[in-house]
Amino acid sequence: KGGIKAKAKGLVKVVGNVRAKFVENSILEVGGDVIIEGYILNSKIYCLGSIILTGATSAILGSEIIVMGGLSTYNLGSNAGVDVSVELGVHFQNERLFDEFQNKVKAADKEMANLIPQVQQANNMIKQLRGKLDEEKKKKFTELFELFKQKSANHKFVTEKFEELKTSRFNQEHINIVVKGAAFPGAVIKYRRQVEKVTTMQSAFMMSFTPGQESAPMTAINVKKK
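1. Points about helix 1 (residues 92-128)
So, point 1. Between its first and last C-alpha, helix 1 extends 54 Å over 37 residues, near the 54 Å set by a 1.5 Å rise per residue.
So, point 2. Among all positions in helix 1, only F92, N94, F98, F101, V105, A108, M112, L115, V119 and A122 are buried.
So, point 3. Buried positions along helix 1 lie against strand 5 (27-30), strand 8 (44-47), strand 11 (64-67) and helix 2 (135-168).
So, point 4. After helix 1 finishes, the residue R130 shows a positive phi value of roughly 55 degrees.

Now the structure itself:
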């Protein structure tokens, strides 16, 4: 019923949804939706659902948002010009795994590059000797082939996982960002390769994002005042 104020210490992890009056000086990792009544201030929020600010004067200020789904707020930034960044359509957990597996693929490629010449050399030697090897060489080659088998299986696994994460780290569905009040200079909206930097105040608008599109224009919206 209150707010989340972690004083820039530690990390708040939630498997499901978050509902709060405000978020201030906090880092959140949320598996569901984030529904805030008032504001998000000086915080980092990683969300696998959508982020919705419900208040009539709600705002995102001086914060970094990475969200898999859409986002709705009244204001994005403020007249004070404090930077705020919103990145849409990103699965933050898979994005981290993507970076991790990218390094694993590089390491596995290097291992295979070192092993393949050794295996080829061993096979050539076995052919030349027509399989007549002493026990020491048999043991050495058996160990080499077993290591190659293990490393090949690992290389296949990390490569396939890396290719899978190339896609699964992004939302493949249509998503929106809705700003019912205004977006102020210093606000940045990101979606894949598209980066929209707000340099002059933009009144109520919506941007719709779809995979494969070149760009998403700001479309003006009418907001009914109570």
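2. A closer look at the packing of helix 1 against helix 2
So, point 1. At a minimum axis distance of 7 Å, the contact between helix 1 and helix 2 shows a crossing angle of 150 degrees. Comparing their axes, helix 2 and helix 1 come out roughly antiparallel. For the crossing formed where helix 1 meets helix 2, the hand is left-handed.

3. Here we look at the environment of E37
So, point 1. Of note, E37 is situated in the loop between strand 6 (34-36) and strand 7 (39-41).
So, point 2. For E37, a relative accessible area of 47% puts it in the partly exposed group.
So, point 3. With 34 residues separating them in the primary sequence, E37 and G3 have C-alpha atoms 9.4 Å apart.
So, point 4. Apart from residues lying up to four places away in sequence, E37 is in contact with A20, K21, T54, G55 and S58.

4. Let's talk about the side chain of S43
So, point 1. Its place among the elements puts S43 in the loop between strand 7 and strand 8.
So, point 2. A polar side-chain atom of S43 sits 3.1 Å from the main-chain amide nitrogen of N25.
So, point 3. Among residues more than four places away in sequence, those in contact with S43 are V23, E24, N25, S26, G62, S63 and E64.

5. Quick notes on the pattern of salt bridges
So, point 1. Taken as a whole, this structure holds 10 salt bridges when the rule is applied.
So, point 2. Between E64 and K44 there is a salt bridge whose closest N-O contact spans 3.9 Å. One end of the pair, E64, is in strand 11; the other, K44, is in strand 8, and 20 residues separate them in sequence.
So, point 3. The class for E64 is partly exposed, based on a relative accessible area of 31%.
So, point 4. By relative accessible area, K44 is classed as partly exposed at 37%.
So, point 5. Residue R169 pairs with E95 through a salt bridge whose shortest N-O separation is 3.2 Å. In this pair, R169 sits in the loop between helix 2 and strand 14 (175-183) while E95 sits in helix 1, placing the two residues 74 residues apart along the sequence.
So, point 6. One salt-bridge network, in which partners are shared between bridges, spans K13, E29 and R96.

6. With respect to the environment of T200
So, point 1. With respect to the helices and strands, the residue T200 is situated in the loop between strand 16 (194-197) and strand 17 (202-209).
So, point 2. Of the residues examined, T200 reaches a relative accessible area of 46% and is grouped as partly exposed.
So, point 3. When the C-alpha atoms of T200 and K44 are compared, they prove to be 24 Å apart, with 156 residues separating the residues in sequence.
So, point 4. The contact partners of T200, leaving out residues within four places of it in the chain, are A183 and P185.

7. Re the sheet that holds strand 5
So, point 1. One open sheet holds the seven strands; their spatial order is 2-5-8-11-13-15-16, and the pairing between them is mixed. In this open sheet, the two edge strands, each paired with only one partner strand, are strand 2 (12-14) and strand 16. Strand-to-strand twist in this sheet, taken as the mean axis angle between neighbours without regard to direction, amounts to 10 degrees.

8. Observations regarding the packing of aromatic side chains
The geometry of an aromatic ring pair is captured by the separation of the ring centres together with the interplanar angle, meaning the angle of the planes.
So, point 1. Enumeration according to the criterion identifies six aromatic pairs in this entry.
So, point 2. Relative to F162, the ring of F98 has its centre 4.9 Å away and its plane inclined at 20 degrees; by these criteria the two rings are stacked. With F98 in helix 1 and F162 in helix 2, the pair connects residues that are 64 residues apart, well separated along the chain.
So, point 3. When its relative accessible area of 8% is taken as the criterion, F98 is described as buried.
So, point 4. In this structure F162 comes out as buried when scored by relative accessible area, which is 11%.
So, point 5. Sitting over the face of the ring of Y46, R96 holds its NZ or CZ atom 5.0 Å from the ring centroid.
So, point 6. Between K104 and the ring centre of F101, over which it is positioned, the NZ or CZ distance is 4.6 Å.

The rules we used
Residues numbered from 1 in each chain as written. Predicted model: local features only at pLDDT ≥ 70, side-chain atom pairs only at ≥ 80, totals over all residues. Heavy atoms only, no water. Helix = DSSP H or I, 4+ residues; strand = E, 2+ residues; numbered from the N terminus. Expected span 1.5 Å × (residues − 1). Buried < 20%, exposed > 50% of the residue type's maximum accessible area, 1.4 Å probe, protein only. Contact = heavy atoms within 4.5 Å. Axes fitted to C-alpha atoms, helices over the stretch in contact; angles between N-to-C directions. Parallel < 35°, antiparallel > 145°, perpendicular 65-115°, else oblique. Left-handed = near helix turned anticlockwise from the far one by under 90°. Polar contact = N/O pair within 3.5 Å; in protein donor to acceptor, adjacent residues only side chain to side chain. Salt bridge = Lys/Arg side-chain N within 4 Å of Asp/Glu carboxyl O. Pairing = 2+ DSSP bridges. Phe/Tyr/Trp six-rings, centres within 6.5 Å; stacked < 30°, edge-to-face > 60°. Lys NZ or Arg CZ within 6 Å of the ring centre and 35° of its normal.

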